[in-house]
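# Understanding the architecture of this molecule
Spelled out, the chains give:
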Amino acid sequence: MSSFIKKYNKYKYEIYLILVSLFALIVHIHLASTLNLGNDEAHYYVWSLKPSLGYLDDAPMAGWVIYLTDAIFGKSQLSVRLGSIIFSFFDGFLIYYLTYILFKSRRAAFFSFLFYLSAVIFGMVLSVMMLPDAPLVFFTLLFFIFFYKAVEIKGTDLKSVPFIFWLLSGIFLGLAFLGKYTAALIPPAALLYLLLSKQNRHYLKTFYPYAALAAALLVFSPVIYWNAVHNFISFRFQISHGFSHPTPGLSLLLAGWLGQVLVITPFIYIFLIGAFTYAIIKIKKEPLLFTLCFSLPILLFFVLNGYSHRILVHWPDVGYLAAFPIMGYAAEALIAGKKITRYYVYFALFFGFFLSYVLYNQIYYNSIPVGKIIRYIDKEKRLKKGGVFSVIPRIPGKPSTADITNDLFGWKHAAKYIGIVYKGYKTADAPLFILTHHYAIADELVYYGGYKPGGNIYDISGFLNQYDLWQNLNKIGGKNALFIMDDKYMINPVKTYAPYFKSIKKIGRLDIYLKFKPVRTYYLYLMKDFNAKKTIERLKAESRMY
């Protein structure tokens with residue numbers, strides 16, 4: 001019995017890690033099985049229908065993973081998201097292990113894992129939704145582990161350095177590149193670490209880090225080749241997408257930063273700032289220097305870039321990965337100290353998990369009237385009464401569509417209704433195709449309606465998107481179109497498409513409800529006799545690719 005207790009005490013944190021991870025896995029599978037695909041997820045599913053070495057929007061691995069899971073398990077919402085669920089399940093173990101090899105403490109490692117899981121963006125969003133961030137996070141963590149193993153060899157005897165660690169770190173970095181382009185921020189962070197580390201600066205005079213970078217570029221080379229063939233369109237798109245905004249300013253920066261505070265959860269974010277301060281004070285410790293270099297500069301980059309561009313809440317995720325070990329290390333120190341600091345750590349974790357529960361409840365029961373809250377804030381700001389409302393940044397979008405959890409419902413039923421209308425108007429004498437003005441609508445209809453991009457569904461919008469690379473508008477010249485629009489992406493279809501069709505007529509409307517509350521409205525138009533030549537001339541004048 002005593003030997004059992006000794007083993008339990010030694011491995012209790014690993015037992016807790018496994019039990020909590022399994023519980024989280026069950027929750028993630030439930031969410032993935034019952035929720036409609038989000039707009040971005042549907043987009044990456046459409047990627048999987050057209051396997052390629054590259055795509056306009058980002059690196060291709062998300063599409064590859066969905067192609068694999070659907071091929072093995074068949075088409076379902078769960079199979080589309082299965083890659084994300086598997087990646088995130090092992091992410092927790094990797095964060096635990098990374099913290100352990102850095103600080104040699106099981107308790108610090110377990111707290112690092114808890115901070116990761118209690119942050120809403122990691123524990124509830126990226127662990128369920130199949131986005132490019134899923135492979136990015138997984139392979140970045142593997143890079144951190146093997147890169148640290150490569151550099152932690154003491155002394156300058158380079159013969160003792162295991163080259164396999166450098167090689168594996170390069171391979172995993174390349175796989176992170178294939179996951180998402182924001183992995184490009186990792187090599188500068190690695191260079192910063194090697195420059196600041198007295199213990200490991202000598203590696204810059206060796207071939208090891210350059211061999212690792214070469215391995216990463218070799219793994220990433222298919223995407224480089226695809227971009228070279230396509231005039232580097234994806235790289236140029238991402239640069240313009242990530243570094244510009246029509247109305248830069250402090251309010252934009254504040255909105256992006258507050259978004260980070262919310263998805264990491266407020267009390268954990270406050271603790272993160274404290275942990276960074278603690279790590280900077282003790283920066284002479286090599287593990288703290290390592291984690292600081294791979295987290296703080298990346299997070300600051302996104303905060304500052306928020307001045308010129310609206311930063312989506314999941315973009316800086318790679319910067320938090322090395323921050324969680326710092327938080328676990330700091331939490332262990334605080335728990336051993338005064339009661340007030342110990343209670344703050346526990347409360348921050350509890351509040352993070354509580355917000356995850358609130359989000360879970362909001363998804364299924366829509367209990368928070370987000371639209372009404374935004375209308376009230378907008379009204380107070382217009383009245384210019386000052387006070388707290390004057391500093392609240394403008395919330396993008398319309399109050400009726402501001403609750404993004406609504407995106408996870410309604411598409412299945414809408415696609416069924418649209419399919420009935422489509423079949424009714426489609427005849428041998430008047431061939432018909434589906435038309436949208438936003439790729440998100442097209443993507444959802446491809447998944448739930450079975451339409452084929454560039455076959456019987458097309459997207460002609462005011463901005464460059466992946467459909468511009470897929471579709472040949474000459475194939476649909478002279479055909480009629482069933483135009484679909486929802487109330488999230490509203491335009492005036494008559495004004496927008498009048499030059500390209502002989503006639504345009506509104507033929508229907510579909511309202512989708514969740515628990516007797518409206519979540520989305522669709523509008524249907526019949527457009528006759530598409531002028532492909534005129535449309536192509538306009539799009540070529542706008543430098544769109546065909």
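For the structure given in this document, a descriptive report is provided here. All values reported here derive from a predicted model rather than from experimental measurement. (Residues numbered from 1 in each chain as written. Predicted model: local features only at pLDDT ≥ 70, side-chain atom pairs only at ≥ 80, totals over all residues. Heavy atoms only, no water.)

## Quick notes on a nonpolar patch on the surface
To keep it simple, the criterion reads: Patch construction takes residues with relative accessible area above 30% that form no salt bridge. Like charges are linked within 9 Å, and nonpolar side chains (Val, Leu, Ile, Met, Phe, Trp, Tyr) are linked within 5 Å. A 1.4 Å probe and the Shrake-Rupley method give the accessible areas. Residues count as covered only by the protein chains that appear here. The term salt bridge refers to a side-chain nitrogen of Lys or Arg lying within 4 Å of a carboxyl oxygen of Asp or Glu. Only DSSP runs of H or I with at least four residues qualify as helices, and only runs of E with at least two residues qualify as strands; both kinds are numbered from the N terminus onward.
A surface patch of nonpolar side chains, about 350 Å² in accessible area, is lined by Phe163, Ile164, Leu167 and Phe207. Mapped onto the secondary structure, phenylalanine 163 falls in helix H8 (residues 163–179).

## Description of the sheet that holds strand E5 (residues 517–530)
Using the following cut-off: Note: two strands are recorded as paired if DSSP finds a minimum of 2 bridges between them. Simply put, an axis is a line fit to the C-alpha atoms, just over the touching stretch for a helix, and the angle between two N-to-C directions goes from 0 to 180 degrees.
One open sheet holds the 5 strands; their spatial order is E2-E1-E3-E5-E4, and the pairing between them is mixed. Two strands bound the open sheet, and with one partner strand each, they are strand E2 (457–459) and strand E4 (501–514). On average, adjacent strands in this sheet sit at an angle of 25° to one another, irrespective of strand direction. Relative to E5, E4 runs antiparallel, the two being bridged by 12 bridges. Each residue of the ladder has a partner; that of lysine 506, found in E5, is tyrosine 525.

## A look at the side chain of glutamate 286
Under the convention used in this document: Between N or O atoms, a polar contact is any pair within 3.5 Å; within protein, one atom must be a potential hydrogen donor and the other a potential acceptor, and residues adjacent in sequence are included only when both atoms are from side chains. Residue contacts are defined here by distance: any two heavy atoms, one from each residue, within 4.5 Å place the two residues in contact.
Within the secondary structure layout, glutamate 286 lies in helix H14 (residues 286–293). Side chain to side chain, glutamate 286 and tyrosine 193 meet in a polar contact 2.7 Å long. Leave out the neighbours within four places in its chain, and glutamate 286 touches Tyr193, Ser197, Gln199 and Asn200.

## Section: the pattern of salt bridges
Any two side chains of opposite charge can pair if their charged atoms end up close together. The test is simple: Only protein chains enter the accessibility calculation, which uses a 1.4 Å probe; a residue whose area is less than 20% of its type maximum is buried, one above 50% is exposed, and one in between is partly exposed.
For the coordinates displayed, the defined rule picks out 6 salt bridges. Linking lysine 180 and aspartate 133 is a salt bridge whose minimum nitrogen-to-oxygen distance equals 2.8 Å. Taken together, the residues lysine 180 in the loop between H8 and helix H9 (186–196) and aspartate 133 in helix H7 (residues 133–151) connect sequence positions 47 residues apart. For the salt bridge of arginine 520 with aspartate 486, the shortest nitrogen-to-oxygen distance reads 3.8 Å. Remark: aspartate 486 occurs in strand E3 (residues 480–486) and arginine 520 occurs in strand E5; sequence separation between them is 34 residues. The same class applies to arginine 520 and to aspartate 486, which are both buried.

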